[in-house]
Amino acid sequence: MLLLFLLFEGLCCPGENTAVKPEAWLSCGPSPGPGRLQLVCHVSGFYPKPVWVMWMRGEQEQRGTQRGDVLPNADETWYLRATLDVAAGEAAGLSCRVKHSSLGGHDLIIHWGEKQLRLCWEIMKIALGLLSVGLRKWVGMLGTRRVKLGQSK
């Protein structure tokens, strides 16, 4: 039984001297306002905990980068997200750079591209459409309620 536990422990959880490379992907968060995007860089599965994540334009760090807390995953690795609010027209040319001890000095860089921008716009259009439908139903219910209460002209 002890042997089984030791084997499982070695498979599921990083050891004290084990470094696990991060995975990273990009998405968009809730719109911070009209014509603006919230870019999100997700970094997950890394060990040990210390990590550096920054939105970049070329070699220039973007000062507006907001780093969340480094949170634990179930497998004892870590997760972090970094966001950046930008005007929609300024998203092109941005990238997320990750530095971690497991990468051997080779930073992980993911470029924000046309694909992500199209996805964000589609999500925003769907959200606005749903909001519009909900607003129309709510206004319609108000009109029906007034008629029932005898307040119509």
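Here the structure is a predicted model, which means the values were calculated and not measured. (Residues numbered from 1 in each chain as written. Predicted model: local features only at pLDDT ≥ 70, side-chain atom pairs only at ≥ 80, totals over all residues. Heavy atoms only, no water.)

### Some words on the overall build of the chain
Along the backbone of the chain there are 2 helices and 9 strands. Secondary structure of the chain in N-to-C order comes out as α-β-β-β-β-β-β-β-β-β-α. Burial analysis of the chain (153 residues in total) assigns 33% to the buried set. Excluding contacts between residues fewer than 6 apart, the proportion of contacts in the chain whose partners are at least 24 apart in sequence is 62%. Carbon and sulfur atoms make up 60% of the accessible area of the chain, which totals about 10600 Å². (Helix = DSSP H or I, 4+ residues; strand = E, 2+ residues; numbered from the N terminus. Buried < 20%, exposed > 50% of the residue type's maximum accessible area, 1.4 Å probe, protein only. Contact = heavy atoms within 4.5 Å. Areas by Shrake-Rupley, 256 points an atom, 1.4 Å probe, with all protein chains shown as cover.)

### A few points about a nonpolar patch on the surface
A surface patch of nonpolar side chains, amounting to about 450 Å² of accessible area, comprises Leu135, Trp138, Val139 and Met141. Within the fold, Leu135 resides in helix H2 (residues 114–148). (Patch = residues over 30% accessible without salt bridge, like charges linked within 9 Å, V, L, I, M, F, W, Y side chains within 5 Å. Salt bridge = Lys/Arg side-chain N within 4 Å of Asp/Glu carboxyl O.)

### Details of the confidence of the model for the chain
Confidence along the chain averages 83 in pLDDT terms, with 69% of residues attaining 70 or more. pLDDT under 50 marks residues 1–10. Its contacts with residues more than four places away, or in other chains, come to 0 contacts. (pLDDT = per-residue confidence, 0-100.)

### Here we look at the sheet that holds strand E9 (residues 108–111)
What holds strands together in a sheet is hydrogen bonding between their backbones, with the strands either parallel or antiparallel. If you trace the 4 strands from one edge of the open sheet to the other, you get E4-E3-E8-E9, paired in antiparallel fashion. Bordering the open sheet on either side are strand E4 (60–61) and E9, each of which pairs with just one other strand. In terms of strand pairing, strand E3 (residues 52–57) meets E4 through 2 bridges, oriented antiparallel. When the bridges of E4 are listed, Met56 appears paired with Glu61. (Pairing = 2+ DSSP bridges.)

### Overview of unusual backbone geometry
Following Tyr47, the chain continues into Pro48 via a peptide bond in cis, with omega recorded as 5°. Relative to the assigned elements, Pro48 resides in the loop between strand E2 (36–46) and E3. For Glu76, which is not a glycine, the phi torsion comes out positive at approximately 70°. Within the secondary structure layout, Glu76 lies in the loop between strand E6 (71–72) and strand E7 (78–87).

### Concerning the state of the cysteines
Under the defined criterion, the tally for this structure stands at 1 disulfide. Across the disulfide, Cys41 is cross-linked to Cys96 (sulfur-sulfur distance 2.0 Å). Because the sign of the S-S torsion sets the handedness, a value of about -80° for the bond joining Cys41 and Cys96 places this disulfide among the left-handed ones. Remark: Cys96 occurs in strand E8 (residues 94–99) and Cys41 occurs in strand E2; sequence separation between them is 55 residues. One exposure class covers both Cys41 and Cys96, and it is buried. (Disulfide = S-S within 2.5 Å.)

### Notes on the environment of Thr18
Along the chain, Thr18 falls in the loop between helix H1 (2–12) and strand E1 (23–28). Counting along the chain gives 84 residues from Thr18 to Ser102, while the straight-line C-alpha distance between them is 8.7 Å. If we skip the residues at most four places from it in the chain, Thr18 touches Tyr47 and Pro48.

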